[in-house]
Amino acid sequence: MQDDLNIKEKYELLIATLNMVLVPVLEIGVSYLDTVQYCLDELEGDYYTFLHEDLVSELRKAGMIADADFITIKNIRSKIDQIENDQWNVQGFLNDKNWQEIRALIVNLYSGHQKEF
């Protein structure tokens, strides 16, 4: 699928994937736990594809992300890879220190590029 996407779409999917790691927003009429579970389900496949080094490298070469951001995103993906299976659940996602560290990396990534993201 990612080969059929243009560079802007790939960038948008990268950002959408990073956003899934941030604590989801409460939606009226939807169970918060269901929202978090949905994000986890989506994230499980999407992070592997859209945080993949090849895609991120392509975005870097196209000038969509800086070298430092490339390294940070690689680090984020690596940290997600290291999350234990028993933490891929709602409570783990919300409370585990490893998930919290990953969210902090994403917030730092975004805060350094407020106009770009």
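Everything in this summary refers to the structure shown in the same document.

Side note on the packing of aromatic side chains
Consideration 1: Using the criterion set out here, one finds 3 aromatic pairs in the structure.
Consideration 2: Here R60 stacks its cationic end above the ring of F70, 4.0 Å away from the centre of that ring.
Consideration 3: The positively charged end of R103 is found above the aromatic ring belonging to F93, 4.9 Å away from the centroid.

Some points on the packing of helix α1 (residues 7-21) against helix α2 (residues 32-50)
Consideration 1: It is at 9 Å that the axes of α1 and α2 come closest, and there the two elements cross at 140 degrees. With respect to their mutual orientation, α1 and α2 come out oblique. Between α1 and α2 lies a crossing whose hand is left-handed. Counted together, L13, L14, T17, M20 and V21 of α1 and C39, E42, L43, D46, Y47 and F50 of α2 form the full contact between these two elements.
Consideration 2: By residue class, the composition of the contact of α1 with α2 is 8 nonpolar, 1 polar and 2 charged.

Structural notes on the nonpolar core
Consideration 1: Counting 30 residues, the largest nonpolar core has L18, I80 and W99 as the members making the most contacts within it.
Consideration 2: Those elements that provide at least two residues to this core are α1, α2, α3 (53-61), α4 (67-81), α5 (90-95) and α6 (97-111).
Consideration 3: Once residues within four sequence positions are removed from consideration, W99 is found in contact with V21, L40, L43, I80, I83, Q87, W88, G92 and F93.

Some points on the pattern of salt bridges
Consideration 1: Taken as a whole and judged by the stated rule, the model has 4 salt bridges.
Consideration 2: Ionic pairing is found between K74 and E53, a salt bridge with its closest N-O pair at 3.7 Å. In this pair, K74 is assigned in helix α4 and E53 in helix α3, connecting sequence segments 21 residues apart.
Consideration 3: Classification of K74 as partly exposed rests on a relative accessible area of 35%.
Consideration 4: Taking the shortest distance from any N to any O, the salt bridge between R60 and D67 comes out at 3.9 Å.

Criteria and cut-off values
- Residues numbered from 1 in each chain as written.
- Predicted model: local features only at pLDDT ≥ 70, side-chain atom pairs only at ≥ 80, totals over all residues.
- Heavy atoms only, no water.
- Phe/Tyr/Trp six-rings, centres within 6.5 Å; stacked < 30°, edge-to-face > 60°.
- Lys NZ or Arg CZ within 6 Å of the ring centre and 35° of its normal.
- Axes fitted to C-alpha atoms, helices over the stretch in contact; angles between N-to-C directions.
- Helix = DSSP H or I, 4+ residues; strand = E, 2+ residues; numbered from the N terminus.
- Parallel < 35°, antiparallel > 145°, perpendicular 65-115°, else oblique.
- Left-handed = near helix turned anticlockwise from the far one by under 90°.
- Contact = heavy atoms within 4.5 Å.
- Nonpolar A, V, L, I, M, F, W, Y, C, P; charged D, E, K, R; others polar.
- Core = buried A, V, L, I, M, F, W, Y, C linked by side-chain atoms within 4.5 Å.
- Buried < 20%, exposed > 50% of the residue type's maximum accessible area, 1.4 Å probe, protein only.
- Salt bridge = Lys/Arg side-chain N within 4 Å of Asp/Glu carboxyl O.

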